[in-house]
Amino acid sequence: MKFATTQDKNEAVVATKVEKLDASNASELKAELVILNKNGVNSIIMDMSGTKYCDSSGLSAILTANRLCKDSNGNFALCGLNENVLKMVQIAQLDKVLLITSDIDAARQAIKL
């Protein structure tokens, strides 16, 4: 299992269980996010504590989650970023667009789950 999802009504936590979030698995993550959204989930926390590398395909999947949540009047938070992943997010200047927290508890508080 590459991604572990726990769902409670219209809220979900998606944990990445891959060392590299890249072109080989980003489309699978996007599909998971679209299914969650179609099933009424509009607030998502993405826990990336298990991921050590993320490329542009991975960043695209993260942006998909953010867009799906915003389009359905929900919230999105990213947490547990490894130093290398955080650098990629900062290089792409997504740290100005995304809500980033240290862990799941902080993300829950930030988006009031």
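Look up: the structure comes first, before these words.
Residues numbered from 1 in each chain as written. Predicted model: local features only at pLDDT ≥ 70, side-chain atom pairs only at ≥ 80, totals over all residues. Heavy atoms only, no water.

Caption draft 1: Structural view of helix α1 (residues 26-38). Compared with an ideal rise of 1.5 Å per residue, which puts 13 residues at 18 Å, α1 spans 18 Å between its outermost C-alpha atoms and is within 8% of the ideal. Buried residues belonging to α1 abut β1 (3-8), β2 (11-16), β3 (20-21), β4 (43-47) and α2 (56-71). Just past α1, the residue G40 takes up positive phi, approximately 95°. (Helix = DSSP H or I, 4+ residues; strand = E, 2+ residues; numbered from the N terminus. Expected span 1.5 Å × (residues − 1). Contact = heavy atoms within 4.5 Å.)

Caption draft 2: Representation of the packing of α1 against α2 in the model. Two elements in contact, α1 and α2, have axes separated by 9 Å at closest approach and are oriented at 5°. Viewed along their axes, α1 and α2 adopt a mutual orientation that is roughly parallel. Mapping the contact onto sequence places A26, L29, K30, L33, V34 and N37 in α1 and S57, G58, S60, A61, T64, A65 and L68 in α2. Partitioned by chemical class, the residues of the contact of α1 with α2 number seven nonpolar, five polar and one charged. (Axes fitted to C-alpha atoms, helices over the stretch in contact; angles between N-to-C directions. Parallel < 35°, antiparallel > 145°, perpendicular 65-115°, else oblique. Nonpolar A, V, L, I, M, F, W, Y, C, P; charged D, E, K, R; others polar.)

Caption draft 3: Quick peek at the pairing of β2. Burial of β2 is extensive: five of the six residues sit out of reach of the surface. Pairing of β1 with β2, which is carried by six bridges, proceeds in the antiparallel orientation. By the bridge assignment, T5 is partnered in β2 with V14. Counted between consecutive antiparallel strands, the loop separating β1 from β2 contains two residues, among which K9 sits at a positive phi close to 60°. (Buried < 20%, exposed > 50% of the residue type's maximum accessible area, 1.4 Å probe, protein only. Pairing = 2+ DSSP bridges.)

Caption draft 4: Here's a closer look at the sheet that holds β1. Pairing in this open sheet of five strands is mixed, and the strands run β1-β2-β4-β6-β7 from one edge to the other. In this open sheet, the two strands that pair with only one neighbour each are β1 and β7 (100-101). Here α1 sits on the sheet in contact with β1, β2 and β4, set at roughly 10° to β1.

Caption draft 5: How the structure looks around the pattern of salt bridges. If you walk through the whole model with that rule in mind, you get three salt bridges. Of the charged contacts in the structure, one is a salt bridge between E28 and K2, with a shortest N-O distance of 3.5 Å. Here E28, found in helix α1, pairs with K2, found in the segment before β1; they are 26 residues apart in sequence, far enough to count as distant. Given a relative accessible area of 37%, E28 falls into the partly exposed group. Salt-bridge contacts for R67 lead to D71; the nearest nitrogen and oxygen are separated by 3.8 Å. Residue R67 and its partner D71 are both found in helix α2; the two are separated by four residues, about one turn of the helix. We classify D71 as exposed; its relative accessible area is 58%. (Salt bridge = Lys/Arg side-chain N within 4 Å of Asp/Glu carboxyl O.)

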